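Commentary on secondary and tertiary structure
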Amino acid sequence: MKKSIFLLAFIILAMSISFAQTQGDARIHGNGYYGFRLKSWGVGGGLEYFFADNFALMPSYTVLNPDVGNASNFSFDLRYYLTQGASQVYVMAGYSQTFQNTQPGVPGTKQNYVGGNMGVGAFIPFTDWVGLNTEFKFQSQFTQELGFKVGLAFPL
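Here we summarise the structure given alongside this text. Keep in mind it's a predicted model, so treat the numbers as computed, not measured. (Residues numbered from 1 in each chain as written. Predicted model: local features only at pLDDT ≥ 70, side-chain atom pairs only at ≥ 80, totals over all residues. Heavy atoms only, no water.)

Points about the overall build of the chain
The test is simple: In DSSP terms, a helix is any run of H or I states spanning at least four residues, a strand is any run of E spanning at least two, and both are numbered starting from the N terminus. Whether two residues touch is decided by their heavy atoms; if any such pair falls within 4.5 Å, the residues are in contact. Per-residue accessibility takes into account occlusion by the displayed protein chains alone, with areas from the Shrake-Rupley method and a 1.4 Å probe.
Secondary structure assignment for the chain yields 1 helix and 8 strands. Ordering the α and β elements of the chain from the N terminus gives α-β-β-β-β-β-β-β-β. Pairs at least 24 apart in sequence give 46% of the contacts found in the chain among residues at least 6 apart. Accessible surface, the chain: about 8700 Å² in total, of which carbon and sulfur atoms supply 67%.

Okay, here's the thing in C-alpha cells:
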C-alpha cells in the first residue's frame, strides 16, 4: 500500500511539472511486460519527461505475476534518443528495484533487490495522440532478468 501511495504521489508530481511545459515533451505509458528468464509477465505504466533535446527521464512501475507469491518492479531510467521521425530509437540506463513476497501473509518473506538496468527501445507514433513503444531491458539485480515491454504511449 505504501508503494502504491508513493507511486501515485510521484506520478501526480511529475505530471504537474510536465503540464508546465509548453512543448509537449512528456508521455504517459501503459505496457505489458514479459521476463524471459523466469517466464513471468506483468502490466505497468510510467511517465516519460523530456528535460533536454533527445534526453528523457522515465520512472515506471510494473506489477509482476510470478508462479508463487507476488512481485513488483520500480525503475527510473535515463533515455537518449538516437533518431527522430517515424521511428524514434533510444538507448537507456537506470536504477531498478524489485519487491518480492514469496509467501504473502507470512512474516519475514518480503525481499527487495536493487540494481541497475540497461536496454534499447523504440517509439513509433501512430497519430498525434498515441504511439507504440517497445523495449528490451536487462536488469542486473538478483535473477539478471532480460525482459520485453510493449505498450502504448500518449503524449501530453
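Looking at the pairing of strand β2 (residues 40-52)
Under the convention used in this document: In this scheme, strands are said to pair when DSSP sees at least two bridges between them.
Relative to β2, strand β1 (residues 26-35) runs antiparallel, the two sharing 10 bridges. Of the residues in β2, the one forming a bridge with A26 is Y49. Counted along the chain from β1 to the antiparallel partner β2, the turn is 4 residues long, and its residue K39 has a positive phi close to 55 degrees. Counted along the chain from β2 to the antiparallel partner strand β3 (residues 55-65), the turn is 2 residues long, and its residue N54 has a positive phi close to 70 degrees.

Digging into the nonpolar core
Put simply, the test is: The term nonpolar core refers to a set of buried residues drawn from Ala, Val, Leu, Ile, Met, Phe, Trp, Tyr and Cys, joined through side-chain atoms within 4.5 Å. Only protein chains enter the accessibility calculation, which uses a 1.4 Å probe; a residue whose area is less than 20% of its type maximum is buried, one above 50% is exposed, and one in between is partly exposed.
In this structure, F50, A56, Y81, Y90 and M92 together form the largest nonpolar core, which totals 5 residues. Those residues in contact with Y90 that lie beyond four places of it in its chain are R79, Y80, Y81, L82, G119, V120, G121, A122, F123, N133, T134 and E135.

As for the pattern of salt bridges
For clarity, the cut-off: Here, a salt bridge means any Lys or Arg side-chain nitrogen found within 4 Å of an Asp or Glu carboxyl oxygen.
Scanning all chains against the criterion turns up 5 salt bridges. Through salt bridges with shared partners, a single ionic network connects R27, E48, D77, R79, E135 and K137.

A short note on the packing of aromatic side chains
Applicable threshold: When two rings of Phe, Tyr or Trp (its six-membered ring) have centres within 6.5 Å they constitute a pair, described as stacked for plane angles under 30 degrees, edge-to-face for angles over 60, and tilted for the intermediate range. Geometrically, a lysine NZ or arginine CZ counts as sitting over a ring once it is within 6 Å of the ring centre and also within 35 degrees of the ring normal.
Under the counting rule described, the total for this entry stands at 8 aromatic pairs. Ring plane angle 50 degrees and centroid distance 5.2 Å describe the contact between Y81 and Y90, whose orientation is recorded as tilted. For the pair Y81 and Y90, one class covers both residues: buried. A connected cluster of aromatic rings, assembled from ring pairs, spans Y34, F36, F136 and F148. If you follow R27 out to its NZ or CZ, it ends over the ring of F123, 3.7 Å from the centre.

So, the sheet that holds strand β6 (residues 110-125)
Which entries qualify depends on this criterion: Axis definition: a line fit to C-alpha positions, over the contact stretch in the case of helices; interaxial angles, taken between N-to-C directions, run 0 to 180 degrees.
Around the barrel, 8 strands lie side by side as β1-β2-β3-β4-β5-β6-β7-β8; this closed barrel has antiparallel pairing. Each strand of the sheet is rotated relative to its neighbour by a mean of 25 degrees, with strand direction disregarded. For β6 and strand β7 (residues 131-139), the ladder comprises 9 bridges, and the chain directions are antiparallel. Bridge pairing links P125 to G131 in β7.

Points about the side chain of T62
Inspection of the secondary structure assignment puts T62 in strand β3. For T62, a relative accessible area of 3% translates into the label buried. Contacts of T62, omitting those with residues within four sequence positions, involve Y33, G42, V43, G44, S72, N73 and K149.

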